[in-house]
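Per-entry structural report
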Amino acid sequence: AAPPEGTMSNGVYVPPGVANGDVKPVVSTTPLVDFLMQLEDYTPTIPDAVTGYYLNRAGFEASDPRIIRLISLAAQKFISDIANDALQHCKMKGTASGSSRSKSKDKKYTLTMEDLTPALAEYGINVKKPHYFT
Amino acid sequence: RAGGKQASTPADNYYLARRRTLQVVVSSLLTEAGFESAEKAAVETLTEMLQSYISEMGRSAKSYCEHTARTQPTLSDIVVTLVEMGFNVETLPAYAKRSQRMVITAPPVTNQPVTPKALTAGQNKPHPSHIPSHFPEFPDPHTYIKTPTYREPVSDYQVLREKAASQRRDVERALTRFMAKTGETQSLFKDDVSTFPLIAARPFTVPYLTALLPSELEMQQMEETDSSEQDDQTDTENLPLHMSTDDSGPEKENASVLQQNTSLSGSRNGEENMIDNPYLRPVKKPKIRRKK
């Protein structure tokens, strides 16, 4: 029987509660392995050559092209998450003044720095751009 | 690599092509999110973020991989990297299934910029043995070889003669003008004093003296011929003669200045005042001692 808390015999720290199923591991690679198989026919938006180029510059030599696709997909998701947050900000600013609901806010959303800055701040990225350029 | 406003070389284009692809990707993602347009600064920001995100993932995955004494990264390394960067891995499959549109074509594969054959000149120096072969080659030899060039001096007889003649004339002119400006002058024209100054001629008290006495050169020759006779008396005779002609010799050289013959000592003093520079004094030949 596993000890309720503390270290196990081989030195691995096991948080209390694992035994009774309260704590679930955050990451299990099993679904991702399946996902990796699916990636073979799925092409992410970023071409493999470009991602591979930047990975090579960082010293990452990819043996499996699917790994590259996984990384490019993760990067894509990262950016689109931020874009969605910025869109939320944009929509909030639009309807906050109480414009007419019939048009449901003009369909044209423009990404501006004013929307991007608070979206990035939630991720801990602080951008400061000058309002004017001399 | 910021892709700013510098002039782009072929090497820069190599990097810029990929960055532009990233920009296109960012634009497509924004369009997918629902934006119609975007500020350039915002697109640049997101492009920069995307590039650094990919680079950071590569670096971090490599570090994790090497941390476990491997060289080839695996899925687990990527997963750990994603977790470290605060990425929720479980949502990834859902995201992949969500959008299957928008495929961007890869940028054209360009080789490393190579200098065209027409521009290379000469043989490049081969690699020494301690440099591996995959390193770039040495530059063209003309970029570091220095050959000094000298202009051949002019040796044309006619040109040289002309140069010598004009130089002599200039020297004479300069000297006479200097003498005219510093000494006494007589004017050629009655009214106009400054245009043609003539150096004032001082009349000799004994005008025929210069005609009677031999010049310095002749004196030296006479000395040499006399020295071959081996005679004491001629030696003593020559000495006073040599002394008196010492005054007249330099006088002839400074033709415009006359020293009074009455006082030899005074003239000698004046002589010393005139020629203070030892290099300008007349050459004194060593006195030839005759053995008795």
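For chain B, the name recorded in an unreviewed UniProt entry is Transcription initiation factor TFIID subunit 8, with Probosciger aterrimus as its organism. According to the UniProt record, the Sequence similarities (unreviewed entry) comment for chain B reads "Belongs to the TAF8 family."

For chain A, an unreviewed UniProt entry supplies the name TAF10 factor and the organism Probosciger aterrimus. Under the heading Sequence similarities (unreviewed entry), UniProt records this for chain A: "Belongs to the TAF10 family." You can read under Subcellular location (unreviewed entry) in the UniProt record for chain A the words "Nucleus".

**A closer look at the overall build of chain A**
Within chain A, the regular secondary structure consists of four helices and three strands. From first element to last, N terminus to C terminus, chain A shows the α and β order β-β-α-α-α-β-α. Here chain A holds 134 residues, and the buried ones make up 37% of them. If you take every contact in chain A between residues at least 6 apart in sequence, the share linking residues at least 24 apart comes to 55%.

**Re the pattern of salt bridges**
Proximity of charged atoms lets side chains of opposite charge pair with each other. Residue and element names in this part refer to chain B. Here the structure, examined in full by the defined rule, presents twelve salt bridges over all chains. Between E44 and R19 there is a salt bridge, with its nearest N and O atoms 3.6 Å apart. A residue pair is termed long-range when its members are at least 10 positions apart, and E44 in helix α2 (residues 40–67) and R19 in helix α1 (residues 10–33) qualify at 25 residues. Given the relative accessible area of 6%, R19 is considered buried. Several salt bridges converge on common partners, so that one network encompasses R19, K40, E44 and E48.

**Examining the environment of K77 of chain A**
Among the structural elements, K77 of chain A can be located in helix α3 (residues 65–96). Taking relative accessible area as the criterion, K77 of chain A reaches 9% and is therefore assigned buried.

**Overview of the packing of α2 of chain B against helix α3 (residues 75–84) of chain B**
All names here are of chain B. Contact pair α2 / α3: the axes reach a minimum separation of 9 Å and the direction vectors enclose 125°. In terms of orientation, α2 and α3 fall into the oblique class. Here α2 and α3 pass one another in a crossing that is right-handed. Where α2 approaches α3, its residues Y53, M57, S60, A61, Y64 and C65 are matched on the opposing element by D77, I78, V80, T81, L82 and E84. Split into classes, the residues belonging to the contact of α2 with α3 amount to eight nonpolar, two polar and two charged.

**What about the interface of chain A and chain B?**
The interface of chain A with chain B comprises 54 residues on the first partner and 59 residues on the second. Between chain A and chain B, roughly 5100 Å² of surface is buried when both sides are summed, and carbon and sulfur atoms account for 75% of that area. For the interface between chain A and chain B, the tally reads zero salt bridges. Summed over the shared surface of chain A and chain B, the result is eight residue pairs in polar contact (both at pLDDT 80 or more). For the side of chain A that touches chain B, the secondary structure elements donating two or more residues are α1 (30–38), α2 (48–58), α3, β3 (110–111) and α4 (113–122) of chain A. No other element matches α3 of chain A, which puts 16 residues into the side of chain A that touches chain B. Looking at side-chain class alone, the side of chain A that touches chain B contains 35 nonpolar, twelve polar and seven charged residues. Two strands pair when backbone bridges link them, and β3 of chain A and strand β1 (residues 37–38) of chain B are joined in this way by two bridges, in the parallel orientation. When the bridges of β1 of chain B are listed, T110 of chain A appears paired with S37 of chain B.

**Regarding unusual backbone geometry**
Backbone geometry at A69 of chain B places phi at a positive 65°, although glycine is not the residue there. For A69 of chain B, the position within the fold is in the loop between α2 and α3.

**Topic: the confidence of the model for chain B**
All names here are of chain B. Per-residue pLDDT for chain B averages 74, and the proportion of residues at 70 or more is 69%. Within the model, pLDDT remains below 50 along residues 1–5, and this stretch shows eight contacts once partners closer than five positions in the same chain are excluded. Here the prediction assigns the complex a pTM of 0.51, and the interface score ipTM is 0.77.

**Structural notes on a positive patch on the surface**
Residue and element names in this part refer to chain B. Taken together, R281, K284, K287 and R289 make up a surface patch of like positive charges. Residue placement: K287 occurs in the segment after α9 (264–274). Overall, K287 belongs to the exposed group, its relative accessible area being 54%.

**Quick look at the packing of aromatic side chains**
Here the structure, examined in full by the defined rule, presents three aromatic pairs over all chains. Measuring from centroid to centroid gives 5.2 Å for Y53 of chain A and Y54 of chain A, while their planes differ by 70°, and the two rings are edge-to-face. Relative to Y53 of chain B, the ring of F78 of chain A lies with its centre 4.0 Å away and its plane at 10°, an arrangement referred to as stacked. Remark: Y53 of chain B occurs in helix α2 and F78 of chain A occurs in helix α3; the pair is interchain, linking two chains.

Reading the values: rules and limits
Residues numbered from 1 in each chain as written. Chains lettered and ligands numbered in written order. Predicted model: local features only at pLDDT ≥ 70, side-chain atom pairs only at ≥ 80, totals over all residues. Heavy atoms only, no water. UniProt positions renumbered as here; feature names shortened; annotations may be inferred. Helix = DSSP H or I, 4+ residues; strand = E, 2+ residues; numbered from the N terminus. Buried < 20%, exposed > 50% of the residue type's maximum accessible area, 1.4 Å probe, protein only. Contact = heavy atoms within 4.5 Å. Salt bridge = Lys/Arg side-chain N within 4 Å of Asp/Glu carboxyl O. Axes fitted to C-alpha atoms, helices over the stretch in contact; angles between N-to-C directions. Parallel < 35°, antiparallel > 145°, perpendicular 65-115°, else oblique. Left-handed = near helix turned anticlockwise from the far one by under 90°. Nonpolar A, V, L, I, M, F, W, Y, C, P; charged D, E, K, R; others polar. Buried area = accessible area lost by both parts, 1.4 Å probe. Polar contact = N/O pair within 3.5 Å; in protein donor to acceptor, adjacent residues only side chain to side chain. Pairing = 2+ DSSP bridges. pLDDT = per-residue confidence, 0-100. Patch = residues over 30% accessible without salt bridge, like charges linked within 9 Å, V, L, I, M, F, W, Y side chains within 5 Å. Areas by Shrake-Rupley, 256 points an atom, 1.4 Å probe, with all protein chains shown as cover. Lys, Arg positive; Asp, Glu negative; His and termini not counted. Charge placed at Lys NZ, Arg CZ, Asp CG, Glu CD. Phe/Tyr/Trp six-rings, centres within 6.5 Å; stacked < 30°, edge-to-face > 60°.

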